[in-house]
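The residues making up each chain are set out below.
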Amino acid sequence: MTTTHEGKLELLTDKNSVLVLVDYQSAMFKGVASGDKTIIKNAAVCAAKAAGILGIPVVLSAINPEKLGKFIPEITQLFPGQEAFARKIPSFDAFEDEKTWNAFKKTGRKKLVVSGLWTSMCFAYTALHALKEGYEVYGLMDAAGDSTADAHQFGIERMLQAGVVPITLESLVSEWMHDWANPKAGELVKEVYTRYGAMIGME
């Protein structure tokens, strides 16, 4: 039987992982002051784009969209016809919502890549929930933000202490892609790598 440590040594692939994005909504972005909002949004959008290109399941969850705004269209438009689950209970933990949790469980995958707004609340609580249920959790840290730099920092530290594996956008996409022989490599360069950061600055 694979131990938790051994599981984390196994690389993320398009066959073993799922991406869960939580509360990327207009009002939530307004309260972000821990970092550059454009960079944070781009990281979330690029992660969603990469998942779509590689056929990795994506689950979207929103809190109180009537007041806080719908899940941002830059992401929802990538998955036409897919529901961004409006949580039925006003929980900071997205997995306390039955539809969100069931959509994640239905994938049958043990590796969860998760990020959201805000880091110390909805992102952290959702990640901790999955850890408690025995999943291997990877936190996409550069796609997250919070109301203050301290809230973001200590939200991350709390997750790390609990066992969340930190990862960043370009590292995540490269791990999913695995190597340049991947038939989707060209599309990932065009639609993801050149849209974020400066690791690959070619058009």
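Please read all numbers here as calculations on a predicted model, not as lab measurements.

### Topic: helix 9 (residues 169-177)
Here's step 1: Judged by how many residues are buried, helix 9 sits mostly within the fold: seven of nine residues are covered.
Here's step 2: Positive phi appears at histidine 178, one or two residues downstream of helix 9, with a value of about 80°.

### Concerning the pairing of strand 4 (residues 111-116)
Here's step 1: Where burial is concerned, most of strand 4 is hidden: six out of the six residues are buried.
Here's step 2: Going residue by residue along strand 4, you find Lys111, Val113 and Ser115 tucked away on one face and Leu112, Val114 and Gly116 tucked away on the opposite face as well.
Here's step 3: Inspection of the sheet shows strand 1 (residues 17-22) paired to strand 4 by six bridges, in the parallel sense. Residue pairing for strand 4: valine 20 is matched across the bridge by valine 114.
Here's step 4: Two elements, strand 4 and strand 5 (residues 136-140), share four bridges in a ladder whose sense is parallel. If you follow lysine 111 over to strand 5, its bridge partner there is glutamate 136.
Here's step 5: In the classification by handedness, the crossover that spans strand 4, the intervening helix 7 (residues 119-132) and the parallel strand 5 is right-handed.

### Concerning the pattern of salt bridges
Here's step 1: Applying the stated criterion to the full structure yields six salt bridges.
Here's step 2: For arginine 87, the salt bridge goes to aspartate 23, with nearest N and O atoms at 2.9 Å. Of this pair, arginine 87 sits in the loop between strand 3 (84-86) and helix 6 (98-106) while aspartate 23 sits in the loop between strand 1 and helix 2 (26-30), and the two are 64 residues apart along the sequence.
Here's step 3: Of the residues examined, arginine 87 reaches a relative accessible area of 8% and is grouped as buried.
Here's step 4: The class for aspartate 23 is buried, based on a relative accessible area of 0%.
Here's step 5: Residue glutamate 74 pairs with lysine 41 through a salt bridge whose shortest N-O separation is 3.5 Å. One end of the pair, glutamate 74, is in helix 5 (residues 73-76); the other, lysine 41, is in helix 3 (residues 37-54), and 33 residues separate them in sequence.
Here's step 6: With relative accessibility at 35%, the residue glutamate 74 sits in the partly exposed group.
Here's step 7: For lysine 41, a relative accessible area of 25% gives the class partly exposed.

### What about the environment of phenylalanine 71?
Here's step 1: The topology assignment puts phenylalanine 71 in the loop between helix 4 (65-68) and helix 5.
Here's step 2: The exposure class assigned to phenylalanine 71 is buried, which follows from its relative accessible area of 6%.
Here's step 3: As for phenylalanine 71 and valine 22, which are separated by 49 residues in sequence, their C-alpha atoms are 8.8 Å apart.
Here's step 4: Excluding residues within four positions of it along the chain, phenylalanine 71 makes contact with Leu21, Val22, Asp23, Tyr24, Gln25, Leu60, Ser61, Ala62, Thr76 and Ala84.

Calculation rules
Residues numbered from 1 in each chain as written. Predicted model: local features only at pLDDT ≥ 70, side-chain atom pairs only at ≥ 80, totals over all residues. Heavy atoms only, no water. Buried < 20%, exposed > 50% of the residue type's maximum accessible area, 1.4 Å probe, protein only. Helix = DSSP H or I, 4+ residues; strand = E, 2+ residues; numbered from the N terminus. Pairing = 2+ DSSP bridges. Right-handed = clockwise from strand over helix to strand, strands pointing away. Salt bridge = Lys/Arg side-chain N within 4 Å of Asp/Glu carboxyl O. Contact = heavy atoms within 4.5 Å.

Everything listed is a geometric property; what it means functionally is a separate question.
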